[in-house]
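Geometric and topological summary
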Amino acid sequence: MDADYLAGLNEAERGEIALRLSVGDAVLDEQRFPVRLLARDEWGGVADMAQLLPAFVMPNDPAVARVLRSAADRLAEHGHPSGLDGYQSGDPQRAFMLTAAIYSAIVGMGIHYAEPPASFEDRGQKVRRPATIADERLGTCLDTTLMFAAALESAGLYPVILMFQGHAAVGVWLTKRTFGNTIETDQMEVRKALASRELIVFETTGVTHRPAMAMDAAQRALDHRMSEDEAHAFVAAIDVRRARSGGITPLASHEAVRHDAGDEEAAPVADLALPAAPSFNDLPDLQVEEKPTTAAGRVDRWQKKLLDLTLRNRLLNFPASKKTIPFLCTDVAFLEDRLADGAAIQIVSLPQQNPLGERDAGLYREVHGRDLQRGFAAEALARDELPSPLDAASSRCD
């Protein structure tokens, strides 16, 4: 493949790849495959190139440096340290203020909104680099999202690209973490991160409004899209940091660095004041509450707890520890009924009972087609006993 030819493509072209197997002059077989060559600044859409979208996040673009310089000035003007220090402080308030300063700096660029092509999230579109956005002062929702992601990454933060049907937005981690997958298609995982206030998301086209959306308004603008009712329109959250760990690096510009390009004719835009830093210490799930004394009160409390979708909810996220006792139960519904009837359930030690004896569990399962330990657990449950893999001293409990 001719790298110079591919790098010079400004528009997509259709071509053909021919594979020919020959011996001497004799052609044994030939196969031809149609291909579509994308322009070097063209993204192919979630269907084919979701994992490559972070390549279009270009933190080293010259325009990003100007954004960060402006963000540092805004921080200093509002009495905050001007350093772009990412997560070094370990304080989510600091990560929020860095994000707010970058938002304010991009507002100052005077960008105007440009309509993206239909179904761009599936089919893709040509992407404007940050320097191109700065020159043209035009950007689609995807253009502005990728520019925000580039500035956030350059400031040492971990951005997330949110893809919806016909729309794109950005998020940023306020703590030093990532999603479990580079491409997270489960909206619930994003909502849990939002509920725990480890992640914030906001509308990037808010900077194109006149006057521009304030930072908190840009955050609220995505509430509807992130609601459970709109889960069908959620496409994916693409974690840029995890993509970098997977080897997806930013595209090279292949252009000479231009200093202060576009500054001469920049339209005047009113400065956007930085918001007050939010508090992260008074989360609802940290409040002390009275324990109910009646069964109805406990049921009501459980229902309220189940509405908490954060990782602090032990009903949804129960980590094993030295204070927990694991047990083997073959019929949870039956156990629940017995507990509701007030039955006393005894936890017994599976190693002490030793239903396997000297036999190998896997070999016994292959020969007899059943799991001996599960069979023992089913019989024990009928006797109001729950076998635990702990030894007798650890699992002694009624």
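Residues numbered from 1 in each chain as written. Predicted model: local features only at pLDDT ≥ 70, side-chain atom pairs only at ≥ 80, totals over all residues. Heavy atoms only, no water.

**Re the overall build of the chain**
- If you tally the helices and strands in the chain, you get 15 helices and 13 strands.
- Within the chain, the fraction of its 398 residues that count as buried is 39%.
- Look at the contacts in the chain between residues 6 or more apart in sequence, and 71% of them connect residues 24 or more apart.
- Working note: accessible area of the chain is about 22,200 Å², and carbon and sulfur atoms make up 50% of it. (Helix = DSSP H or I, 4+ residues; strand = E, 2+ residues; numbered from the N terminus. Buried < 20%, exposed > 50% of the residue type's maximum accessible area, 1.4 Å probe, protein only. Contact = heavy atoms within 4.5 Å. Areas by Shrake-Rupley, 256 points an atom, 1.4 Å probe, with all protein chains shown as cover.)

**Considering the confidence of the model for the chain**
- For the chain, mean pLDDT is 83; residues scoring 70 or higher make up 80% of the total.
- A low-confidence stretch, residues 282-289 (pLDDT under 50), is modelled with eleven contacts involving residues beyond four sequence positions or located in other chains. (pLDDT = per-residue confidence, 0-100.)

**Comments concerning helix α3 (residues 62-77)**
- Its 16 residues give α3 an end-to-end C-alpha distance of 23 Å, which sits within 8% of 22 Å, the value for a rise of 1.5 Å per residue.
- Taken together, the buried residues of α3 touch α4 (92-107), α6 (130-136) and α7 (141-154).
- Its side-chain oxygen 3.0 Å from the backbone nitrogen of A63, D61 forms the N-cap of α3.
- Immediately downstream of α3, the backbone of G79 shows phi near 80°, a positive value. (Expected span 1.5 Å × (residues − 1). Polar contact = N/O pair within 3.5 Å; in protein donor to acceptor, adjacent residues only side chain to side chain.)

**Notes on the packing of α4 against α7**
- Where α4 contacts α7, the two axes come as close as 10 Å, and the packing angle between them is 135°. It follows from the interaxial angle that α4 and α7 lie oblique. Crossing angle aside, the handedness with which α4 passes α7 is right-handed. In contact with T99, I102, Y103 and I106 of α4, α7 contributes M147, F148, A151 and L152.
- The class makeup of the residues in the contact of α4 with α7 is seven nonpolar, one polar and no charged. (Axes fitted to C-alpha atoms, helices over the stretch in contact; angles between N-to-C directions. Parallel < 35°, antiparallel > 145°, perpendicular 65-115°, else oblique. Left-handed = near helix turned anticlockwise from the far one by under 90°. Nonpolar A, V, L, I, M, F, W, Y, C, P; charged D, E, K, R; others polar.)

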